[in-house]
Every structure is written in C-alpha cells, then in structure tokens.
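Coordinate analysis (summary)
Okay, here's what each chain looks like letter by letter:
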Amino acid sequence: MPEEVVTTKTNMVELTNYGSILIIQDAKSLRVTVNEILKTFQDRPIMYLNLTTTYNSLVSNLKKDGQNINNILFVDCITQLAGGDVSNQENVLFIKEPNDLTSLGIAITKFFESMPGEKWLVVYGFNILKIYNKEDIVLRFLQSIFESASATNAKIVILSTQIKNDSLIKKIVQFFEKVFMEIE
C-alpha cells in the first residue's frame, strides 16, 4: 500500500537515510514537501532542478518562505523557454529547454563530480520531462543519473505529480530505495 508523505521534521530526517527517493503527490502538497526537503538538506550541497517555475520566481518564493539558498545550485529549464532574462544570475545554470536532456545530464554529472562527500539532486516536477521527451529517452536519462550518483556518493529525490495511468511512473519506481505515494 502506498505511503503518505507527512512533512514533519522526523519524516524529513528519515529521508536522509535513503540514497534515492521518489515522492508522488498532488501539486499543492509537492510545493510544501520540496520546501521541507530543502530545509532538511540545507547544510549539504544541493542541485535543485525545478521543471515548473522560472528561476527568479522560484528564488523569490523560497526567500519568502525563509529558505537558506546558499548551498543550492539551481538548474532552470523554463526561463529561457519563456523568453526570460538568463544573464547575470548567481547559483543557476540555464538549460535552453526541458528536452535538452544531454545538457541536463552533463550539468548533473559535473555537479556530482565537483562536490566531495554527500550531495543531493532534488528534481521537482519530474513528470514535465515526459511532455518534452519520449518516455524511453526519459528512462535512459534517469538511468544515467543513477549511474553517476552511484559513482559519486550523490543522493536523489524526485518529486512528481501523478498522471492517470502514467506508465513512466510505473517504470521508474524500480530505481528508488524509497517511494512515497499520495494518490487520490
């Protein structure tokens, strides 16, 4: 039976015991959960790939929520696609589009390799990748991320909304040590 994610400090600390976590929730709950995850991991290097929000909007919202963003490297696939300004920003890598999985993979691997010790990749809105890419391409991309993470002591948290009859979610659960699902 799927487990419900309750964003308490105890549950967030428990997440640190796993190397790979998949969280499936409704969009509103995901926003709360990702904020709690970022707070929990704030003393570790984090690469935060948000596939739903522009960098400026995301950082503004995180600061309003009192988040410490100093250890976060943001990866933004939305700003340039939306025609936004991608110059002179700190702690962010702009990727042209969510279908540029090659550039995403390279950025993630470089982050993993450049940070000693434990580091985290947090992917928010994973289901968006399926909109821009074929399912088999997304699966290969995910496999390559897991291979790179395994070689570099990196941990992965992927957050996604559930899409009815989503075959991609059904296929990726096998990659994760811990899966939390909150399905209505």
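Look up: the structure comes first, before these words.
The sections below set out a description of the structure shown in this document. Note that the coordinates shown come from a computational prediction; the quantities given were computed from them, not determined experimentally.

**Re the pattern of salt bridges**
Considering all chains together, one arrives at six salt bridges under this definition. Of the charged contacts in the structure, one is a salt bridge between E118 and R44, with a shortest N-O distance of 2.7 Å. Taken as a pair, E118 in the loop between α4 (101-114) and β5 (119-124) and R44 in the loop between α2 (27-40) and β2 (46-50) lie far apart in primary sequence, 74 residues in all. Classification of E118 as partly exposed rests on a relative accessible area of 27%. A relative accessible area of 22% means that R44 is categorised as partly exposed. Put simply, D43, R44, E118 and K155 are held in one network by salt bridges that share partners.

**A closer look at the sheet that holds strand β3 (residues 72-76)**
Judged by pairing direction, the sheet is parallel, and its seven strands sit side by side in the order β4-β3-β2-β5-β6-β1-β7 without closing on themselves. Of all strands in the sheet, those bounded by a partner on one side alone are β4 (92-94) and β7 (178-181). This sheet shows a mean twist of 15 degrees between the axes of neighbouring strands, independent of strand direction. Pairing geometry for β3 and β4, over three bridges, is parallel. What sits directly across from D76, in β4, is F94. Sheet strands touched by α2: β1 (20-24), β2, β3, β5 and β6 (154-160). Its angle to β5, the strand with the most contacts, is close to 165 degrees. Against the sheet, helix α3 (residues 55-64) engages β2, β3 and β4, with an angle of about 145 degrees to β3.

**Observations regarding the environment of T52**
In this fold, T52 is placed in the loop between β2 and α3. Along the primary structure T52 and I78 are separated by 26 residues, whereas in three dimensions their C-alpha atoms are 6.9 Å apart. Each residue touching T52, except ones within four places of it in the same chain, is listed here: I78, Y124, G125 and I128.

**Side note on the packing of aromatic side chains**
Aromatic ring pairs are defined here through the distance separating the ring centres and the angle between the ring planes. With the rule as written, the count across this model stands at seven aromatic pairs. Between F146 and F175 the ring centres are 5.6 Å apart and the planes differ by 25 degrees, which places this aromatic pair in the stacked class. Of this pair, F146 sits in helix α6 (residues 135-152) while F175 is found in the loop between α7 (167-172) and β7, placing the two residues 29 residues apart along the sequence. What makes F146 buried here is its relative accessible area of 16%. Ring centres 5.2 Å apart and planes at 85 degrees place the aromatic pair F146 and F176 in the edge-to-face group. Highlighted residues: F146 in helix α6 and F176 in the loop between α7 and β7, separated in sequence by 30 residues. Here F146 matches F176 in class, with each residue buried. Through pairs of rings, three or more aromatic residues link up here, namely Y48, Y55, F74 and F94.

**A few points about the pairing of β5**
Extensive coverage of β5 is indicated by the burial of six of its six residues. Here β2 runs beside β5; their pairing, made up of five bridges, is parallel. Counterpart to L49 in the pairing with β5 is V123. In this structure, β5 lies alongside β6, joined through six bridges in parallel fashion. Bridging from a neighbouring strand, W120 pairs with K155 of β6.

**Here's the deal with the environment of S20**
Take S20: it is sitting in strand β1. Residue class for S20 comes out buried when judged on its relative accessible area of 4%. Put simply, S20 and S150 are 130 residues apart on the chain and 10.0 Å apart in space, counted from C-alpha to C-alpha. Ignoring anything within four residues of it in the chain, the contact list for S20 reads F146, I156, F175, F176, E177 and K178. Polar side-chain contacts of S20 include one of 2.9 Å to the backbone nitrogen of E177.

What counts and how
Residues numbered from 1 in each chain as written. Predicted model: local features only at pLDDT ≥ 70, side-chain atom pairs only at ≥ 80, totals over all residues. Heavy atoms only, no water. Salt bridge = Lys/Arg side-chain N within 4 Å of Asp/Glu carboxyl O. Helix = DSSP H or I, 4+ residues; strand = E, 2+ residues; numbered from the N terminus. Buried < 20%, exposed > 50% of the residue type's maximum accessible area, 1.4 Å probe, protein only. Pairing = 2+ DSSP bridges. Axes fitted to C-alpha atoms, helices over the stretch in contact; angles between N-to-C directions. Contact = heavy atoms within 4.5 Å. Phe/Tyr/Trp six-rings, centres within 6.5 Å; stacked < 30°, edge-to-face > 60°. Polar contact = N/O pair within 3.5 Å; in protein donor to acceptor, adjacent residues only side chain to side chain.

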